[in-house]
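# Results of the structural survey
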Amino acid sequence: MKKSIIFFLCAISAMAAEAQMTLQDCLVYAREHAHDNIINRLDIRKSQLDKDITASAMMPYLGFTTNGNVSFGRNIDPETNTYDNRKTLSTGFGLSLSLPIFDGLVNINNLKAAKIAVLRQIKNAQIEEDKNSLEVIRAFYNVSYCKTMVENVRQQLERDSTDLEATRRQETLGTKSGADVAELEAIVATDIYELTNQSNLLAKAYIELKGYMGMQPTSDPIDLIETERSYGNEELLLNPEIEEAEYALRQSSLNLRAAKGAYSPTLSLNAGVSTSYFRMIGDGSPVANFRDQWRNNMGQYLGLTFSMPLFTGLTTTKRLKKAYVEVEQSRRRLEKVRYDIEKETSEAALDLKAANEEYEAASSRVRAEEIAHRALRRKYELGMSSAIDLYTSSAKLAQARANMEGKRIQSIIAEIILDYYHGMPLIQ
């Protein structure tokens, strides 16, 4: 029995050698290493590339073309531009340029919408990061709760072990019976079981926290330290869900402008230069060399292209109607997000008020249970109560302390959530 007790006490005290991290340390680590945060940063990069692709539609197009062919039978003589039956080898080269001048501002609105899409993706990433940070906070305090439970059970095991040794000595003196010793041995065995259970819960809580942080479950153990929350000159921020919904409305409005612009005519500038080379095969006639033909056959062109859409199979009309629906949908979604944030803020305020009140009540209960337990312990030492009465009192005290610790943590988390809804960043 003593060996088991020593083993558990040594296992718990070994945590003192672990690396220490505060809540802010865990949040900063999770921001950089959590898998969801890494994926969201890649999504931001993708949206930036989509914006660059959209911007490229406004740039000029420059292309080079070349061709070569051998003609047999009746074909056009490139020298006289008449039909003959000679074999002809010909090649052509061309460089063309196309520059959009006006397209109903479709590309400009698409580019503006793409820029808003980048900002929207950044806010989406922040929303997911904040959700993960809240999970880290809950997991952090869950570890703190489990550590307190382990410490309470360890202290209970020490007290019950001391009572067991004292009862055994009293048995030899005849003031206690063998039944009292057996009852206390059962109580100590129960304490050892509960210490094992709470230690396993603590290990699982550490694994859960490491999972939200993006840390390997088998990495070096960490020891978490609670510190007082400090507030610097933190700028209050608008809730990222509201900002994302506002960006969505702006993006849909720009998409609507682009859909309207599709009805507009388009105008583009076209320019190019081309040349060719040819020779007759098998007739022995003299042929100008490549350099001379390159210079002599050179041609240039410059022109404007005007295009007016008349009928597109109702595609443009349907896209415009869809754009109107998306604008209305974004507007309704923004209203809903604002309503939800206001409701969640009110709920967080009520949760904080309730948690503080319940913590005060739990603290009063702990003080009362401690007084009652000390009185019952004294009665047990005088032989006026049984070991079962002592165990029942100890269990009630342990339950009261566990409840008080739970309410303390609920109060801390409720305060953090309320501050977050009021615009305080989670990572300070």
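Residues numbered from 1 in each chain as written. Predicted model: local features only at pLDDT ≥ 70, side-chain atom pairs only at ≥ 80, totals over all residues. Heavy atoms only, no water.

## Details of the overall build of the protein chain
Spelled out, the test is: What counts as a helix is a DSSP run of H or I of at least four residues, what counts as a strand is a run of E of at least two, and both are numbered from the N terminus. Restricting the calculation to C-alpha atoms gives the radius of gyration, and the globule rule supplies 2.2 Å times the number of residues raised to the power 0.38. Between two residues, a contact is recorded if the distance between any of their heavy atoms is within 4.5 Å. In these tables, accessible area is a Shrake-Rupley quantity obtained with a 1.4 Å probe, and a residue counts as shielded only by the protein chains included in the view. A residue counts as positive if it is Lys or Arg and as negative if it is Asp or Glu; His and the chain ends are not included. Think of each charge as sitting on NZ of Lys, CZ of Arg, CG of Asp or CD of Glu.
Helix and strand counts for the protein chain come out as nine helices and eight strands. At 40 Å, the protein chain has a C-alpha radius of gyration far larger than the 22 Å of a compact globule built from 428 residues. Taken along its principal axes, the extent of the C-alpha atoms in the protein chain is 135 × 50 × 40 Å. For the protein chain, the share of sequence-separated contacts (at least 6 apart) that also reach a separation of at least 24 residues comes to 82%. As presented, the protein chain carries roughly 25200 Å² of accessible surface, and 57% of it is formed by carbon and sulfur atoms. The protein chain carries 52 positive and 57 negative side-chain charges, and their two centres are separated by 7 Å.

## Examining a nonpolar patch on the surface
Our working rule: Any residue with relative accessible area above 30% and no salt bridge may belong to a patch, with like charges joined within 9 Å and the nonpolar Val, Leu, Ile, Met, Phe, Trp and Tyr side chains within 5 Å. A side-chain nitrogen of Lys or Arg and a carboxyl oxygen of Asp or Glu constitute a salt bridge if their distance falls within 4 Å. Accessible area is worked out with a 1.4 Å probe on protein chains only. A residue is then buried under 20% of its type maximum, exposed over 50%, and partly exposed in between.
On the surface, a nonpolar cluster with roughly 600 Å² of combined accessible area is contributed by M58, L99, I101, F102, L105, I108 and L304. Turning to its location among the elements, M58 is positioned in the loop between α3 (35-56) and β2 (61-71). With a relative accessible area of 33%, M58 lands in the partly exposed category.

## What about the side chain of T275?
Heads up, the rule is: Polar contacts here mean pairs of N or O atoms no more than 3.5 Å apart (in protein, one a potential hydrogen donor and the other a potential acceptor; neighbouring residues in sequence count only if both atoms are side-chain atoms).
Structurally, T275 is set in strand β7 (residues 266-281). Relative accessible area serves as the criterion here: at 7%, T275 is assigned to the buried category. A distance of 2.9 Å separates the side chain of T275 from the backbone oxygen of W294, its partner in a polar contact. Residues contacting T275, with those up to four places away along its chain left out, are G92, F93, Q293, W294, N297 and M298.

## Side note on the packing of aromatic side chains
The following threshold applies: Note on aromatic contacts: the rings of Phe and Tyr and the six-membered ring of Trp form a pair at centre separations within 6.5 Å, being stacked when their planes are under 30 degrees apart, edge-to-face when over 60 apart, and tilted otherwise.
This structure, assessed with the given rule, holds six aromatic pairs. Seen in terms of ring centroids, F140 and Y141 are 5.2 Å apart; in terms of plane orientation they differ by 80 degrees. Their pairing is edge-to-face. On the basis of relative accessible area, F140 is assigned to the buried category, the value being 1%. Ring centres 5.9 Å apart and planes at 40 degrees place the aromatic pair F290 and W294 in the tilted group.

## Quick word on the pattern of salt bridges
Taken as a whole and judged by the stated rule, the model has 24 salt bridges. A salt bridge links D292 to R295, with the shortest nitrogen-to-oxygen separation between them at 2.9 Å. Of this pair, D292 and R295 both sit in helix α7 (residues 290-296), three residues apart, which is roughly one turn of that helix. Overall, D292 belongs to the partly exposed group, its relative accessible area being 25%. Several salt bridges converge on common partners, so that one network encompasses E328, R331, R332 and E335.

## What to know about the nonpolar core
Stated formally: We define a nonpolar core as any set of buried Ala, Val, Leu, Ile, Met, Phe, Trp, Tyr and Cys residues linked to one another through side-chain atoms lying within 4.5 Å.
I137, Y141, L209, M213 and L224 are the most contacted members of the largest nonpolar core, which has 46 residues in total. Secondary-structure elements contributing two or more residues to this core are α2 (23-33), α4 (106-173), α5 (178-213), β6 (222-225), α8 (315-381) and α9 (387-421). Sort the elements by how many residues they give to this core and α4 lands first, with 12 residues. When near neighbours in sequence (up to four residues on either side) are disregarded, Y141 contacts L23, E226, I409, I412, I413 and I416.

## Things to note about the pairing of β2
Our working definition: For two strands to be treated as a pair, DSSP must find no fewer than two bridges joining them.
Counting buried positions over the 11 residues of β2 gives one, only a small fraction of the element. In this sheet, strand β5 (residues 87-102) lies alongside β2 in antiparallel orientation, the contact comprising 11 bridges. If you follow Y61 over to β5, its bridge partner there is S98.

## Section: α4
We count it as follows: One less than the number of residues in a helix, times 1.5 Å, gives the span that helix is expected to have.
Here α4 contains 68 residues, and its C-alpha end-to-end distance of 99 Å stays within 8% of the 100 Å for a straight helix at 1.5 Å per residue. Of the residues flanking the end of α4, it is G174, one or two places downstream, whose phi is positive at about 90 degrees.

## Side note on the sheet that holds β7
We apply this condition: Simply put, an axis is a line fit to the C-alpha atoms, just over the touching stretch for a helix, and the angle between two N-to-C directions goes from 0 to 180 degrees.
The strand order β2-β5-β7-β8 describes an open sheet built from four strands, whose pairing is antiparallel. Where the open sheet ends on each side, the last strands, each with one partner, are β2 and β8 (299-307). Each strand axis lies, on average, 20 degrees off the axis of its neighbour in the sheet, ignoring direction. With nine bridges connecting them, β7 and β8 associate as antiparallel partners.

## Points about unusual backbone geometry
The phi angle at L105 is positive, at roughly 65 degrees, despite the residue not being glycine. With respect to the helices and strands, L105 occurs in the loop between β5 and α4. L105 gets classed as partly exposed once you look at its relative accessible area, which sits at 44%. For L314, which is not glycine, the phi dihedral falls at a positive 65 degrees. Along the chain, the position of L314 falls in the loop between β8 and α8.

## Concerning the packing of α4 against helix α6 (residues 240-261)
Packed helix pairs are characterised by how far apart their axes lie and by the angle those axes make with each other. Our working rule: When an angle is under 35 degrees it counts as roughly parallel; over 145 it counts as roughly antiparallel; between 65 and 115 it counts as roughly perpendicular; any other value is oblique. Crossings are classed by handedness, with left-handed meaning an anticlockwise turn of the near helix from the far one by less than a right angle and right-handed meaning a clockwise turn. The nonpolar class holds Ala, Val, Leu, Ile, Met, Phe, Trp, Tyr, Cys and Pro. Asp, Glu, Lys and Arg form the charged class, and all remaining residues, Gly among them, are polar.
Contact geometry for α4 and α6: axes closest at 8 Å, N-to-C directions at 160 degrees. As the angle between them shows, α4 and α6 are arranged roughly antiparallel. Regarding α4 and α6, the two cross each other, and that crossing is left-handed. Across the contact of α4 with α6, the residue classes tally to 11 nonpolar, seven polar and nine charged.

## A closer look at the pairing of β7
Here β5 runs beside β7; their pairing, made up of 15 bridges, is antiparallel. Of the residues in β7, the one forming a bridge with T91 is Y277.

## Here we look at the environment of Y391
Relative to the helices and strands, Y391 is located in helix α9. When the C-alpha atoms of Y391 and E347 are compared, they prove to be 40 Å apart, with 44 residues separating the residues in sequence.

## Quick notes on the packing of α2 against α3
One can describe the packing of α2 onto α3 by two numbers: an axis separation of 6 Å at closest approach and a directional angle of 45 degrees. One element, α2, and the other, α3, form an angle in the oblique class. Residues A30, R31, E32 and H33 of α2 form the contact with α3, whose own contacting residues are H35, N37, I38 and R41. Grouping the constituent residues of the contact of α2 with α3 by class yields two nonpolar, three polar and three charged.

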